[in-house]
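Descriptive structure summary
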Amino acid sequence: MTDAPAALWNALETLEFPTLGALFAVPGRLDRYCTTLDLPGGPIRFDWSKTHLFPAAEAILARLAEAQGLAEKRRQLIEGEAINNTEGRAAEHTAQRGVGAPASVVEAEALHERMQGLVEAIHEGLFGEVRSLIHIGIGGSALGPALAIDALTRDGARVAVHVVSNIDGCALEAAFRGCDPATTMIAVASKTFTTTETMTNAASALDWLREGGVDDPYGRVVALTASPEKAVEWGVDDTRVLPFSESVGGRYSLWSSIGFPIALAIGFEGFAEFLAGAAAIDHHFIEAPIDSNVVVRAAFADLLYTQAFKCQTRAVFAYDERLALFPDYLQQLEMESNGKRVTADGQPLTRPSAPVTWGGVGTDAQHAVFQLLHQGTHMIPVDFLAIKIPGHDLDPLHHQILLSNCFAQGAALMAGKASDDGARAYPGNRPSATFLAEDLNPATLGALIAFHEHRTFVSAALLGINPFDQFGVELGKAIAKQIDAGDGEGFDPSTEALLAAAGLRG
Ligand code: F6P
């Protein structure tokens, strides 16, 4: 008989946690909680030893995993069953990288081939000289491509990609300033092909091409969507519509044709490596036993901090400029997936859901927000991301200082420092986890992203929530539409006054 989850959560909450210092006094801790995986992009070290994970806590979390059917949910995810129960569909992002239901894998391969054909046609000059792509999308249709392009094209791109998401015209104007209409193509990326921001920006981009002397602006547009018929109706020729399956969620879609700008920028081969890096993590997640599974371990630590230590936020600092957009990407992945207040069967969730994910780049953040991490009253678990091989050709001293600062922060958070002067004392016992990858390349980036997808999934599974819907974003959108249509009447006095003050009323 499996235990009731409530009793297990209670056991976790009432467990006595030794300090990190005491945990390190136990021989073998580093071997137990630090694992290096040999991955297609080179090894990645996952060091969770400076967290409060220890056997008694893990044993409870493992029983929770059993009680909440983690293994069965993982099987449903990978085999393409309708794990997204509130929307009655599967969540088949792993099939995009070759790990999933055979029919879905075959479909994804065919759609990737179609994308490859278009990417290569553009590279070969079939669309004339193409120097730039303006990629228009928002949320999951933008954050993944923006991260990947920023991370992987610092040395130059085969086509310069400008990712535009915001409806604020300043964003699109900035992209226009960097492009010549004669040598620019536009990607309209939207799973639904209805998102207001994206469709408004796309229409303005067409105007810009037209005004810039392009005779057939629609002929310069590629549509990336799970609603191909809508894209055709909007005016994109079927040959330039790159579909993807409805069962791929928006924030999990960069592996599908939403990744077109990545392939255009780094070449399709690079994109295939990106998929292979992710697939290697899929296999680890599926095959590694629970106590050596780095994905499950990370999720266990996350739950330990939100549920037992009641941490409301978690921070992620990339000690690598190329990963500056990683925290932004994770915010959508984690907060849109697990920021829920009911369980998958609609019952109130009686415990904290996702923490607030936030972060930035090291060493910048050290000089801005780390004060609170070291001496504030909150406990904030931190992830550090570092890459061994630098992304630049300057004096190696830059990288040496970067990495030494990264590791110094984790050490300082854990060790603290006593002082008779309270203002100068550091409490220590503050947790962190560190990723150290050998090299940042498409496969490494793919692995890091897939790791976080599954980490998020495991947390959701243990909390019993559905990570694949996002109804919480709908209400605000609907109200904005009402206002734009001029029929949103009778809001609260503050909102009415704001609308009037901004000139949006009569
Ligand atoms: O508003 C939230 C959301 O639905 C995200 O989940 C999604 O990634 C984004 O909007 C964009 O949606 P679409 O790709 O359909 O334009």
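Rules used throughout
Residues numbered from 1 in each chain as written. Predicted model: local features only at pLDDT ≥ 70, side-chain atom pairs only at ≥ 80, totals over all residues. Heavy atoms only, no water. 1 Å grid on protein atoms, 1.4 Å probe; cavity = no way out; pocket = protein on both sides within 12 Å on 5 of 7 lines; lining within 4 Å. Points joined across faces, edges and corners; volume = space filled by probe spheres on them. Helix = DSSP H or I, 4+ residues; strand = E, 2+ residues; numbered from the N terminus. Nonpolar A, V, L, I, M, F, W, Y, C, P; charged D, E, K, R; others polar. Buried < 20%, exposed > 50% of the residue type's maximum accessible area, 1.4 Å probe, protein only. Pairing = 2+ DSSP bridges. Axes fitted to C-alpha atoms, helices over the stretch in contact; angles between N-to-C directions. Contact = heavy atoms within 4.5 Å.

What follows deals with empty space enclosed by the protein. Scanning the model with the defined rule gives five cavities of 30 Å³ or more in all. There is about 140 Å³ of room inside the largest cavity. Residue assignment for the lining of the largest cavity shows that the elements contributing at least two residues are α13 (294-308), α14 (326-338) and α17 (442-463). Classifying every residue of the lining of the largest cavity gives four nonpolar, six polar and four charged.

This next bit is on unusual backbone geometry. The step from Gly362 to Thr363 runs through a cis peptide bond, and the omega angle for that step is 10 degrees. As for its position among the elements, Thr363 is in the loop between β9 (356-361) and α15 (370-375). The backbone phi angle of Phe193 is positive, close to 55 degrees, even though this residue is not glycine. Structurally, the position occupied by Phe193 is in the loop between β5 (184-189) and α9 (196-211). Despite not being glycine, Asn429 shows a phi value in the positive range, around 60 degrees. Mapped onto the secondary structure, Asn429 falls in the loop between α16 (397-415) and β11 (432-437). Exposure remark for Asn429: the relative accessible area of 24% places this residue in the partly exposed category.

In terms of burial, β5 is largely enclosed, as six of its six residues are buried. Burial of β5 is two-sided: the residues Thr184, Ile186 and Val188 facing one way and the residues Met185, Ala187 and Ala189 facing the other way are all buried. Across five bridges, strand β3 (residues 132-136) lies against β5 in parallel orientation. Bridging from a neighbouring strand, Leu133 pairs with Met185 of β5. Across four bridges, the pairing between β5 and strand β6 (residues 221-225) is parallel. If you follow Ala187 over to β6, its bridge partner there is Val222.

Taken together, six strands build an open sheet; the order of strands is β1-β2-β11-β10-β8-β9 and the sheet is mixed. Each of the sheet's edge strands pairs with one partner strand only, and the pair in question is β1 (34-37) and β9. On average, adjacent strands in this sheet sit at an angle of 15 degrees to one another, irrespective of strand direction. Pairing of β1 with strand β2 (residues 44-47) involves four bridges; the strand directions are antiparallel. Looking at the pairing, Thr35 lines up with Phe46 of β2. Those strands touched by α16 are β8 (313-319), β10 (382-387) and β11, and its axis lies near 155 degrees from that of β10.

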